Amino acid sequence: MSPKLRRVLIISGGVLLALLVIGTVWFRQVRQAPYPQVDGTLQLPGLLAPVDIYRDANGVPHIYASNEHDLFMAQGFVHAQDRFWQMDFQRHTSAGRLSELMGKNTISTDTFLRTLGWERVARQELAALDPTTRASLEAYAEGVNAYMAGRKGTQLALEYLFLNLLNPGYEPEPWTPLHTLTWAKAMAWDLRGNMDEEIDRALLLAMLTPEQIAELYPDYPANRPYMVNDLAAFANPEAAAPAAPSAALHTALTPAYESARAQLAGLQGALTLLPDEGIGSNSWAVAGSRTASGQPLLANDPHLSAGIPHIWYQVGLHCRPKGPDCNLDLVGFSFPGVPAVIIGHNDRIAWGFTNVGPDVMDLYIEKINPDNPYQYEFEGEWRDMEVITETILVGGGDPIDLEVRLTHHGPLINDLYGLAEFHDETPLDLPENYGLALSWTALQPNQTWRAVFGFNRAQNFEEFRAAAEHFAVPAQNLLYADVDGNIGYQMPGWIPIRGGGADGRYPVPGWTGEYEWEGFIPFEQLPWAYNPPEGYIVTANNAVVDEAAYGYQIADTWAYGDRAQRIQDMILAASGPLDVSDFQAMQGDSHSLLADDLLPVLMAVPLDDPELDSLRANVLGVWDHRFEADSAGAALFAAFWKHLLLQTFVDDLPEGFTPGGSGRWATVVRNILPDPNSPWWDNQTTPEIETRDQILASAFAAAAAELTELQGREPASWAWGRLHYIIFRHQVMNNFPVINSIFNQGPFYTSGGSDLVNATNWSTANEDYRISGSSPSFRMIVDLADLNNSWFTHPTGQSGHPGHPHHIDLAEAWASLVYAPLQWDLSTIQGVSTAHLRLEP
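If you're wondering where the values come from, they're calculated on a predicted model, not measured in any experiment. (Residues numbered from 1 in each chain as written. Predicted model: local features only at pLDDT ≥ 70, side-chain atom pairs only at ≥ 80, totals over all residues. Heavy atoms only, no water.)

Peer 1: In this structure, what is going on with the state of the cysteines? I would like to understand it.
Peer 2: In total, this model carries 1 disulfide according to the counting rule given. The disulfide partner of Cys-319 is Cys-326, and the S-S distance across this bridge is 2.0 Å. Across the disulfide from Cys-319 to Cys-326, rotation about the S-S bond amounts to roughly -80 degrees, and the bridge is consequently left-handed. (Disulfide = S-S within 2.5 Å.)

Peer 1: Before we go on, may I ask you to explain the packing of helix H6 (residues 131–148) against helix H8 (residues 177–190) in this structure?
Peer 2: Two quantities define a packed helix pair, namely the angle between the helix axes and the distance between the axes. Running from amino to carboxyl end, H6 crosses H8 at an angle of 110 degrees, the nearest separation of the two axes being 8 Å. Of the possible angle classes, the one that applies to H6 and H8 is roughly perpendicular. Contact residues: Leu-137, Glu-138, Tyr-140 and Ala-141 in H6; Pro-177, Thr-180 and Leu-181 in H8. Here the contact of H6 with H8 is built from residues that sort into 5 nonpolar, 1 polar and 1 charged. (Axes fitted to C-alpha atoms, helices over the stretch in contact; angles between N-to-C directions. Helix = DSSP H or I, 4+ residues; strand = E, 2+ residues; numbered from the N terminus. Parallel < 35°, antiparallel > 145°, perpendicular 65-115°, else oblique. Contact = heavy atoms within 4.5 Å. Nonpolar A, V, L, I, M, F, W, Y, C, P; charged D, E, K, R; others polar.)

Peer 1: How should the pairing of strand S18 (residues 487–490) be read in this particular structure?
Peer 2: Within a regular beta strand, the side chains point alternately toward one face of the sheet and then the other, so they alternate between its two faces. Residues Ile-487 and Tyr-489 of S18 are buried on one face, and the alternating residues Gly-488 and Gln-490, pointing to the opposite face, are buried as well. Two strands pair when backbone bridges link them, and strand S17 (residues 476–482) and S18 are joined in this way by 4 bridges, in the antiparallel orientation. Paired with Leu-479 across the bridge in S18 is Tyr-489. What sits between S17 and S18 in their antiparallel hairpin is a turn of 4 residues, with Gly-485 showing a positive phi close to 95 degrees. Bridge analysis of S18 against strand S22 (residues 528–530) gives 3 bridges, and the strand direction is antiparallel. Residue Gln-490 lies in a different strand from S22, and its bridge partner there is Trp-528. (Buried < 20%, exposed > 50% of the residue type's maximum accessible area, 1.4 Å probe, protein only. Pairing = 2+ DSSP bridges.)

Peer 1: Would you take a moment to explain empty space enclosed by the protein for this structure?
Peer 2: Applying the stated criterion across every chain, the model contains 6 cavities of 30 Å³ or more. Empty space within the largest cavity amounts to approximately 270 Å³. If you trace the largest cavity, you find 21 residues lining it, with Met-187, Leu-191, Phe-335, Phe-353 and Gln-476 closest to the centre. For the lining of the largest cavity, the secondary structure elements donating two or more residues are H8, strand S5 (297–304), strand S9 (349–355) and helix H13 (448–457). Volume-wise, the second largest cavity comes out at about 120 Å³. Forming the boundary of the second largest cavity are Ser-592, Leu-594, Phe-627, Phe-637, Ala-638, Trp-641, Gly-661, Gly-753, Ser-754, Asp-755, Leu-756 and Trp-762. Here the lining of the second largest cavity is composed, by residue class, of 7 nonpolar, 4 polar and 1 charged. (1 Å grid on protein atoms, 1.4 Å probe; cavity = no way out; pocket = protein on both sides within 12 Å on 5 of 7 lines; lining within 4 Å. Points joined across faces, edges and corners; volume = space filled by probe spheres on them.)

Peer 1: So what exactly am I meant to see when it comes to the packing of aromatic side chains here?
Peer 2: Two aromatic rings, taken as a pair, are described by how far apart their centres are and by the angle between their planes. All told, the structure shown has 45 aromatic pairs when counted by the stated rule. Residues Trp-312 and Phe-778 carry aromatic rings whose centres are separated by 5.1 Å and whose planes lie at 80 degrees to one another, so their mutual orientation is edge-to-face. A residue pair is termed long-range when its members are at least 10 positions apart, and Trp-312 in the loop between S5 and strand S6 (313–319) and Phe-778 in the loop between strand S26 (775–776) and strand S27 (779–783) qualify at 466 residues. Side by side, Trp-312 and Phe-778 carry an identical accessibility label, which is buried. (Phe/Tyr/Trp six-rings, centres within 6.5 Å; stacked < 30°, edge-to-face > 60°.)

Peer 1: Would you take a moment to explain the sheet that holds strand S30 (residues 835–840) for this structure?
Peer 2: Within a sheet, adjacent strands bond to each other through the backbone by hydrogen bonds, running parallel or antiparallel. Taken in spatial order, the 11 strands make up an open sheet running S1-S30-S2-S3-S6-S7-S8-S9-S17-S18-S22, and their pairing is mixed. Here the strands that pair on one side only, and so sit at the sheet edges, are strand S1 (40–43) and S22. In this sheet, adjacent strand axes meet at a mean angle of 15 degrees when their direction is disregarded. Here helix H2 (residues 68–94) sits on the sheet and contacts S1, strand S2 (51–55), strand S3 (61–65), S6, strand S7 (329–334) and S30; the angle it forms with S6, its principal contact strand, is near 160 degrees.

This is how it looks when you write it as structure tokens:
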């Protein structure tokens, strides 16, 4: 190499190295630009008095203010400090305004959400707010806007650096109370109930009989627990039983349902807090008669999708002093974009949520006038639709006008023309033009946020129940415990009473007037319990009550009770009084009741291969039925379960209906397991007629082959934790290669699985075993004997800013079930605080 060329290469390398160093330094500065100030003093115009904010080693802020205006204003400020991008994205999503932010790629999502009209309903709710709730929302908005003032672009969040490539010149608008109210609709959507199943059932009627579909959507098992057993105070045994569906009608409407199903699937990227598989949460309270302290313990772990930034933000809200004009003193978990604490405890009570999953959505098949698409038939007459024009603004593109048509049932979510003609035997005389209208309780104005603020203030069960009466949607199982030794439960919500014997399982004709909603179950007749004699209450999305004895229909399907049964079993089997460590072990429990039922049958199946026989005996034969991270048995059983469902059901179902392995599928298999010749065992793609034992043997062989390929030929080296992991993915930046590596975090390997108390759900519809359904979005244990002895885990971290010390610092502890203290009293918080910010007017 010549000296001249050597000098050129050295200089070029030096220039490239310098550019790399400069680029790295520049990016580090850009990434750190939105990191918030957490120490010292800041002037915050609009405050009425000084506010102190202490942050502990986990980045959790505890806010101390002398009045409620300043308390909520400061909460808005700290939410914006740590999570403004998340708040901005959420408000655009829920309002159907993503295209303003993201450009043309999200027009279809906006179209559907504008059709539903979440923001339209939220505007009505805003106008009807009581003065106290309105003042709290306005103070919160002041705090968000105070943080935004003088900041833009990457000073707010790193995401805006890359958003500028999609939508140059975008600037966030000020925060308003409407943004908070509209986001509540997105939460209600994700906890919505059965509309997806309603469409799926209708589609399945094109291929299966109603009896077969009933086997795939079985009733709640008789050997699983209910939440409330004493119905004397609220039952209504006079209510009518629901009627059966019309198969012919739904077979003819298959194209309509396929269209609606595709629209719903298209929303998954923008709106997925609660996936279809692994729906649920756990919560239980135990009275002092069963605890070491003599006072109640309460546990809660809501199961939601795991992303980053995470849905929850932990915070303490403390009035100092606490008095009539400022009576809040609480800690717990909040939603960025929303004032108050959603789940947590104050100085007197603790509360938790699990989803009821009631059927609060119905699809009505509307007859559209063939001569006038703005009219629909009802009870023999044409009615005019309400027509609204929504304008979708598109970043970098032209606005789009969207025409939304509404019947008295709700918005038309898809229009259907040119359907296949009915079979000659169809008894219904239907015209050519149809639409599907959605009736949903969340599309009626309500005052749910008034309930949330009421929980924050409640001092006893009577006040807690009074607040719950305002909790319209999404209906939650509200679990309660207090420092006076009481435990309680209340199911709130607007639960429709349907006419015509409809059960909500299938879309119904909207033109007859026969299937109209006749009102909601009165609050006084909604299930509740207070200090039940058994000394515990368990809510795990299982059936609230025995509906046959209750008299009202709440839901057509529930979680099928495995988690509730296991929690109840552990409470009853405790060797002594329960304490916090017992509750931590219970939240981490990974024992599979499915394995208890299925393995004895598998172990008795003849296997023709001695190697497989030995594998079964040496791995599954000694397995303790627990899905621990180091378990070879758990890995093999999971693979077996996946292949069993695929080999049993895929041949019987339409394309796209792959079993996901949830509790419903476990119940389906349990129901057919005693019948070796059930038609479901037969593989429709072969000329032979297969039996149960043949399918079990084949599924086990496939599982062994898969595990050998994935983890080697030595079963001793197999481990569930090497298959079962989570990656926390950014809802937007995950879609962009290379860039996503800055935002996504993981993998984190963990124990647990589907239908376990430690519900790190995975899907048998996927090729791998990663956590793809819901998982514990936090774990909380409250000791009512000593609030300082309360504990939590959180999946990611408090900060939404990549690279920040509190961005992902809690993930390993969450995966390993290592708990941190839920700090409570001021002296403790001051003693452990790592930062103190004083806000002054």
